[in-house]
Amino acid sequence: MSTVLFVTGTGTEVGKTLTTAAVAALRPEPVAVLKPGQTGLGPDEPGDVAEVVRLAGPLVHGVELARYPEPLAPETAARRAGLPALDPEDVAKAVAGLAAEYRTVLVEGAGGLLVRYDERGHTLADIALAGRRLGLDVEFLLVAAAGLGTLNATALTAEALRHRGLPLRGVVIGSWPATPDLATRCNLADLPTAAGAPLLGALPAGAAAHTPATFHPLAAASLAPPLGGTWNATAFTAAHHPA
């Protein structure tokens, strides 16, 4: 059975696209990457899917279902543009179609877990539940900010997933700073507790500047073995633990 991994975040601009690209880059076989709703871009501008394909390489099959011009939540952006909103059942069917062809399907959400996709208030969690009703094996990967404030957002997201019976595979820090402050270093130990799930990686800040040739080894060094890499949470946490 194919694995469908939904990539969500503690908020916007936390590194979901780079994390999706890193996971895709480490797959040993072709992988499908689906972005249900892309906001904030014109028709011909490269979006998140294009960035994943650029970094992860030609084995990635990228799909974008809807695009809205203003950088807003998908439901708001669709309403303001006079365009149809995304229906969770339709998105789930698209995911199922990809899962019939690919062993791994990555679904990158917009913003955080409970951002609205339609006027009825459906979210990425509802899309995952719709996929489960179609027989898909769904899991979540949570991309977290590194610094102060991330523990609350992480705990709330994890609680929302548990409340819906959706499994959380783990947490990845989407942008690890070159000079982490005290809160950031302490969060390495505290994030797994807040999430109730393991810490599975930390991508360095500036990873988007890499080329495909250098991004692949970077991904391997930044993600833990359950995601295909060699990163070690215990060693990384110990190296940055505050005195």
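Here the structure is a predicted model, which is why all the values come from computation and not from measurement.

K.L.:
Would you mind showing me how to read the pairing of strand S2 (residues 31-39) here?
P.N.:
For a regular strand, side chains alternate in direction, first toward one face of the sheet and then toward the other. Buried residues dominate S2, accounting for nine of its nine residues. Summarising the sheet, S2 and strand S3 (residues 60-68) pair through eight bridges and their orientation is parallel. What sits directly across from Thr39, in S3, is Tyr68. In this fold, S2 hands off to helix H2 (residues 48-56), which returns the chain to S3; that crossover is right-handed. Strand direction decides the pairing type here: S2 and strand S4 (residues 104-112), joined by three bridges, are parallel. From the neighbouring strand, Leu34 faces S4, where its bridge partner is Val107.

K.L.:
So what exactly am I meant to see when it comes to the layout of surface pockets here?
P.N.:
One way to see where empty space is left: roll a probe the size of a water molecule over the atoms. The space that makes up the largest pocket amounts to roughly 500 Å³. Forming the boundary of the largest pocket are 23 residues, of which Thr12, Glu13, Lys16, Thr17 and Asp48 lie nearest the centre. Counting only elements with at least two residues in the lining of the largest pocket, the list comes to helix H1 (16-25), S2, S4 and strand S6 (168-176).

K.L.:
Explanation requested: the side chain of Glu29 in the structure shown.
P.N.:
Here Glu29 lies in the loop between H1 and S2. Glu29 has contacts with Arg103 and Thr104, leaving out every residue within four places of it along the chain.

K.L.:
Just to check I follow, could you spell out the environment of Thr20 for this structure?
P.N.:
By the element assignment, Thr20 lies in helix H1. In this structure the C-alpha to C-alpha distance between Thr20 and Leu141, which are 121 residues apart in sequence, comes to 9.3 Å.

K.L.:
Explain the sheet that holds strand S7 (residues 199-204) to me, please; I cannot follow it from the model alone.
P.N.:
Read across the sheet, seven strands follow the order S3-S2-S4-S1-S5-S6-S7 without closing on themselves; strand pairing throughout is parallel. A strand with exactly one partner marks an edge of an open sheet, and here the two such strands are S3 and S7. Within the sheet, the average angular offset between the axes of one strand and its neighbour, ignoring direction, is 20 degrees. Pairing of strand S1 (residues 3-9) with S4 involves six bridges; the strand directions are parallel. Directly across from Leu5, in S4, lies its bridge partner Leu106. Contacting S2, S3 and S4, helix H3 (residues 74-81) crosses the sheet at an angle of about 55 degrees to S3.

K.L.:
Which parts of the structure should I look at to understand the pairing of S6?
P.N.:
Of all nine residues in S6, seven are buried; the element is thus mostly enclosed. The pairing of strand S5 (residues 137-144) with S6 spans five bridges and is classified as parallel. Among the inter-strand pairings, Leu142 is bridged to a residue of S6, identified as Val171. Of the crossover connections in this fold, the one passing from S5 over helix H6 (residues 150-163) to the parallel S6 is right-handed. Bridge analysis of S6 against S7 gives four bridges, and the strand direction is parallel. Within S7, the residue paired with Val172 across the bridge is Gly201.

What counts, and where the lines are drawn
Residues numbered from 1 in each chain as written. Predicted model: local features only at pLDDT ≥ 70, side-chain atom pairs only at ≥ 80, totals over all residues. Heavy atoms only, no water. Buried < 20%, exposed > 50% of the residue type's maximum accessible area, 1.4 Å probe, protein only. Helix = DSSP H or I, 4+ residues; strand = E, 2+ residues; numbered from the N terminus. Pairing = 2+ DSSP bridges. Right-handed = clockwise from strand over helix to strand, strands pointing away. 1 Å grid on protein atoms, 1.4 Å probe; cavity = no way out; pocket = protein on both sides within 12 Å on 5 of 7 lines; lining within 4 Å. Points joined across faces, edges and corners; volume = space filled by probe spheres on them. Contact = heavy atoms within 4.5 Å. Axes fitted to C-alpha atoms, helices over the stretch in contact; angles between N-to-C directions.

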